[in-house]
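The chain contents come next:
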Amino acid sequence: MKQIVRVGNAIAIRDVPIPHASPGFIVVRNSYSLISTGTETRSLRNSSALVKGITTISRKIFAPQKAYANLGYTCAGVIEEIGEGVHGFALGDRVLCVGFDYAVHAEIVKVPAPLVFHLPQTISFTHAPFAALGSVALHALRRSNIAFGEKALVIGLGLTGQLLVRLLLLNGCSVIGVDPNDYKITLAQKAGGEYIKGKRDFAQTVLDKTGHGVDVAFVCTDMHDNENLEEIMTTIRDRGKLVAVANITCSLPFPLFFRKELDLIVSRSFGPGRFDKEYEEKGIDYPLGYVRWTERRNIEEVLRLLGEQKLVVDPLISAEYPIQHAQQAYHSLLGRTRPVALLLKYS
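Residues numbered from 1 in each chain as written. Predicted model: local features only at pLDDT ≥ 70, side-chain atom pairs only at ≥ 80, totals over all residues. Heavy atoms only, no water.

> Where do I start with the pattern of salt bridges in this structure?
Side chains that carry opposite charge are capable of pairing whenever their charged atoms lie near each other. Throughout the structure, instances matching the rule amount to 16 salt bridges. A salt bridge links Arg297 to Asp285; the shortest N-O distance between them is 3.0 Å. In this pair, Arg297 is assigned in helix H8 (residues 295–307) and Asp285 in the loop between helix H7 (277–280) and H8, connecting sequence segments 12 residues apart. For Arg297, a relative accessible area of 13% gives the class buried. Of the residues examined, Asp285 reaches a relative accessible area of 44% and is grouped as partly exposed. Connected through salt bridges with shared partners, the residues Glu301, Arg304, Glu308 and Lys310 form a single ionic network. (Salt bridge = Lys/Arg side-chain N within 4 Å of Asp/Glu carboxyl O. Helix = DSSP H or I, 4+ residues; strand = E, 2+ residues; numbered from the N terminus. Buried < 20%, exposed > 50% of the residue type's maximum accessible area, 1.4 Å probe, protein only.)

Below is the structure:
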């Protein structure tokens, strides 16, 4: 079967053995998977890095750089095989799969049962993979404790930022988004809210629109520049919150944090349970009374919103490519109008 992998410093399509179900695992034949255009290709560079059949990418994408890596972490398809000890699933069930090194870009995947989710007929295979990225946005919203009617600033309108905008609006929040890309701003405007084009010099506009500043600022794009971070902090009201959804690698300006008594909140992936093998592989859940919204419960909630068409993702899909043309999909990320969401299709 075919799978997209990174070998050394390049992305390639390889023929790999078909996986078989072991105890606690489910084997799924994929219909679609979603390229996470931020996480997977964060440092994709210019077209001169391309060679025939392989897209070369910066070493900065993975730190530390490994010789080989699986790509992808969200896909949807039909169950082909069920391992011993797995209950509640049947051959032929339509499912969503999530998880790094499990729900990869491949024709067939082998995934721990706790990371497999039933799909109702109301959710298509093209929409289901968005639930993983949606749960990242939802967990950030929950971590912020932002309330109905409060004001949010979303910095970076990539896929996670787009989903966060929509969830904030569903939550009854006022939203202002900032991004230098016209295409991304246009996509976000379809959902509602107000938007500012640019990377800098937006703080005064935000203050003029809000009067006192935003209650929460969500950073959904990698932040390496202290000046950018300080400008974001300027837009936050006294005792407001800064939520790091993406990577913040610059130093934090403590005097500004101190004067405003701001809270810095880090939002980790899908929610509680992420990076816990006992949870993700063995299905040892956290008691609902102590951890109301886990990784799995967040994903289930996004699936509910997709199924009820309260979260609409069709406008975010820039294109879909058969797996045989995966290099073209990654190549498209080099263009001036970079796609927000790309789907890979499997026959």
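Moving on, there is more to tell.
> Looking at this structure, how should I read the sheet that holds strand E13 (residues 194–197)?
In any sheet, the strands associate via hydrogen bonds between backbone groups, in a parallel or an antiparallel arrangement. If you trace the six strands from one edge of the open sheet to the other, you get E13-E12-E11-E14-E15-E16, paired in parallel fashion. Each edge of the sheet is formed by a strand with only one pairing partner; in this case those strands are E13 and strand E16 (263–266). Neighbour-to-neighbour, the strand axes of this sheet turn through a mean angle of 20°, independent of strand direction. Packing of helix H5 (residues 226–234) onto the sheet brings it into contact with strand E11 (151–155), strand E14 (214–219) and strand E15 (236–244), and relative to E15 it is tilted by some 135°. (Pairing = 2+ DSSP bridges. Axes fitted to C-alpha atoms, helices over the stretch in contact; angles between N-to-C directions. Contact = heavy atoms within 4.5 Å.)

> Explain the nonpolar core to me, please; I cannot follow it from the model alone.
Note that soluble globular proteins tend to have their nonpolar side chains buried in a common cluster. In terms of nonpolar packing, the biggest core is built from 76 residues, with Leu96, Cys97, Val154, Leu159, Leu168, Phe218 and Leu303 touching the most fellow members. The dominant element in this core, judged by the number of residues it contributes, is helix H1 (residues 130–144), at nine residues. (Core = buried A, V, L, I, M, F, W, Y, C linked by side-chain atoms within 4.5 Å.)

> Sorry if this is basic, but what is going on with H1 here?
Since the α-helix advances by 3.6 residues per turn, residues separated by three or four positions end up pointing in the same direction. The end-to-end C-alpha distance of H1, which contains 15 residues, comes to 21 Å, matching closely the 21 Å that a straight helix rising 1.5 Å per residue would cover. Among the 15 residues of H1, 13 are classified as buried, and the element is accordingly described as predominantly covered. (Expected span 1.5 Å × (residues − 1).)

> So what exactly am I meant to see when it comes to the packing of aromatic side chains here?
The description of two aromatic rings rests on the distance between their centres and on the angle between their planes. Under the definition given, this model contains six aromatic pairs. Aromatic pair Phe254 and Phe258: ring centres 5.9 Å apart, planes at 35°, arrangement tilted. Highlighted residues: Phe254 and Phe258, both in helix H6 (residues 254–260), separated by four residues, approximately one helical turn. The residues Phe254 and Phe258 share a single accessibility class, namely exposed. Among the aromatic side chains, those forming a connected cluster through ring pairs are Tyr73, Phe100 and Phe270. The ring of Trp293 has Arg292 lying over it, and the distance from NZ or CZ to the ring centre is 4.1 Å. One cation-aromatic arrangement involves Arg296 over Phe117; the distance from NZ or CZ to the ring centre is 4.2 Å. (Phe/Tyr/Trp six-rings, centres within 6.5 Å; stacked < 30°, edge-to-face > 60°. Lys NZ or Arg CZ within 6 Å of the ring centre and 35° of its normal.)

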